[in-house]
Each structure stands twice: as structure tokens, then as C-alpha cells.
Amino acid sequence: MSRPLHHARLLWCAAVDRTWRRVDHRGRRCLMGKCIHCNRKITLGLDGTPGPTTTLEHIVPRTHGGTHAPENLALACARCNGQKGVRLDGRPIDDPTLQRVIRTLRTRREDRLRSPPPDWRLPPQPPDTLAEPADEDPPADGAKRRARRRRR
Ligand SMILES: [Zn+2]
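Residues numbered from 1 in each chain as written. Predicted model: local features only at pLDDT ≥ 70, side-chain atom pairs only at ≥ 80, totals over all residues.

Visitor: Which residues make up the nonpolar core, and what values go with them?
Guide: Counting 18 residues, the largest nonpolar core has Leu-10, Cys-13, Ala-14, Ile-36, Ala-74, Leu-75 and Ala-76 as the members making the most contacts within it. Where this core is concerned, the elements lending two or more residues are helix 1 (3-15), strand 3 (41-44) and strand 5 (73-77). With residues up to four places along the chain from it excluded, the contact list for Ile-36 reads Glu-57, Ala-74, Leu-75, Ala-76, Leu-105, Arg-108 and Arg-109. (Core = buried A, V, L, I, M, F, W, Y, C linked by C-beta atoms within 7 Å. Buried ≥ 20, exposed ≤ 12 C-beta atoms within 10 Å, placed from the backbone. Helix = DSSP H or I, 4+ residues; strand = E, 2+ residues; numbered from the N terminus. Contact = placed C-beta atoms within 7 Å.)

Next up, the structure:
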């Protein structure tokens, strides 16, 4: 994964998570939010460079085909992400504990969901190259209406 793409993914995760805001931290402007698991504070540079303990969490683990689709991503501290990997990634996908953790993380991510703050300078949203084909993701109603208008 190229670094700018990885940083863009991290930034977009923070942008749609209402626990993240711009702060002054140790004399530097950065982004600060909460680990999706334990709520410990984690940071990102304004360009998406991860702080010392900030990692990208795949809610459905990549070992089980979890994608880079935005709804499968969250930000987590390295300790939680590492523990989840060790404890769960080797289990079968129908393992009850793994399924419970996936459900919990999905709910938590949805509870935190917001529109990206308009004053954040975000890079283009990275493609989720491993996600479902584009035709399973119809355009929003507004986009469809605009398309119809153009055809008339
Ligand atoms: Zn954590």
C-alpha cells in the first residue's frame, strides 16, 4: 500500500468519525480522536501521518476477506488492533466471538458516523480496490436526478 494512499485512508476514517477533531497537541496542530475499541486518545498528522500508536483497523479482518471499503475501516490504537489480531484473526469467520466483535465494531462505527467537516482539507477518497463491484453501489438519488436532467 503506497504511503499517500494509506494516509488518505486514515484521514478519511477520522473525517467520518465524530470523535476526531483538530487540536493543538504538544505544540503542534494535529488530529485527535478515540480508539474504536478502548476510547484511548490517538492522533494523526494533518496530512494523515499516523501518530505513534495509531493504526488502521479492518472490522472484518483482512484474513477473512475484509476490504478497504470505508465501512470496514476504523482507527484503533496499536495495542487493541494487535490484541484483536492475535486473539481473533485465526478463528473461522463463523466463530461466535469473532462475529460478536465484528457486530460491536460496526455498531460503534455507525454511532460515530458524521459527514466530513467542511473545513478539513481532505485528499480524494481512496478507491476501495478490494470492495464489491461498482454496479452494486448505485449513485445517490441526487446524482440520478442530475443524470436524468442532463439526458433531456
Ligand atoms: Zn485501543
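Visitor: Describe in detail the pairing of strand 3, supporting the description with residues and values.
Guide: With four bridges joining them, strand 2 (residues 28-34) and strand 3 adopt antiparallel strand pairing. When the bridges of strand 3 are listed, Lys-34 appears paired with Lys-41. Between the antiparallel neighbours strand 2 and strand 3 lie six residues, among them Asn-39 with a positive phi of about 65 degrees. (Pairing = 2+ DSSP bridges.)

Visitor: Break down helix 1 for me, with residues and values.
Guide: Taking 1.5 Å of rise per residue, 13 residues should cover 18 Å, and helix 1 covers 18 Å from first to last C-alpha, within 8% of that figure. Those residues of helix 1 not exposed but buried are Arg-9, Leu-10, Leu-11, Trp-12, Cys-13 and Ala-14. (Expected span 1.5 Å × (residues − 1).)

Visitor: A description of the confidence of the model for the chain should follow, citing residues and the corresponding values.
Guide: Mean pLDDT over the chain: 86, with 84% of residues reaching 70 or higher. Per-element confidence in the chain is highest for strand 3, whose mean pLDDT is 98, and lowest for helix 4 (residues 141-151), whose mean pLDDT is 45. Taken together, the stretch residues 131-152 has pLDDT below 50 and engages in five contacts with residues farther than four places along the chain or on a different chain. (pLDDT = per-residue confidence, 0-100.)

Visitor: Requested: an account of unusual backbone geometry, with residues and values cited.
Guide: Within the chain, Arg-26 stands out as a residue other than glycine whose phi angle is a positive 50 degrees. Relative to the helices and strands, Arg-26 is located in the loop between strand 1 (21-25) and strand 2. By the C-beta count within 10 Å, which is 6 here, Arg-26 ends up exposed. Of note, Asn-39 is a non-glycine position whose phi angle comes to about 65 degrees, a positive value. Among the structural elements, Asn-39 can be located in the loop between strand 2 and strand 3.

Visitor: Talk me through the environment of Leu-75; I want residue IDs and the actual numbers.
Guide: If you trace the backbone, Leu-75 turns up in strand 5. A residue is classified by how many C-beta atoms lie within 10 Å of it, and Leu-75, with 27 of them, is buried. Non-local contacts of Leu-75, meaning those with residues more than four positions away in its chain, are made with Leu-10, Cys-13, Ala-14, Asp-17, Gly-33, Ile-36, Ile-42, Thr-54, Leu-56 and Glu-57.

Visitor: Any details on the sheet that holds strand 1? Residues and values, ideally.
Guide: On the basis of which strands lie adjacent, the open sheet formed by three strands has the order 1-2-3 and antiparallel pairing. Looking at the sheet topology across the chains shown, the edges are occupied by strand 1 and strand 3. Within the sheet, the average angular offset between the axes of one strand and its neighbour, ignoring direction, is 50 degrees. (Axes fitted to C-alpha atoms, helices over the stretch in contact; angles between N-to-C directions.)

Visitor: Would you mind going over the pairing of strand 5 in detail, with residue names and values included?
Guide: Regular strands place side chains that alternate from one sheet face to the opposite one. Across the five residues that make up strand 5, a large majority, five, are buried. Burial of strand 5 is two-sided: the residues Leu-73, Leu-75 and Cys-77 facing one way and the residues Ala-74 and Ala-76 facing the other way are all buried. Taken together, the five bridges between strand 4 (residues 54-58) and strand 5 define a ladder with antiparallel strand orientation. Within strand 5, the residue paired with His-58 across the bridge is Leu-73.

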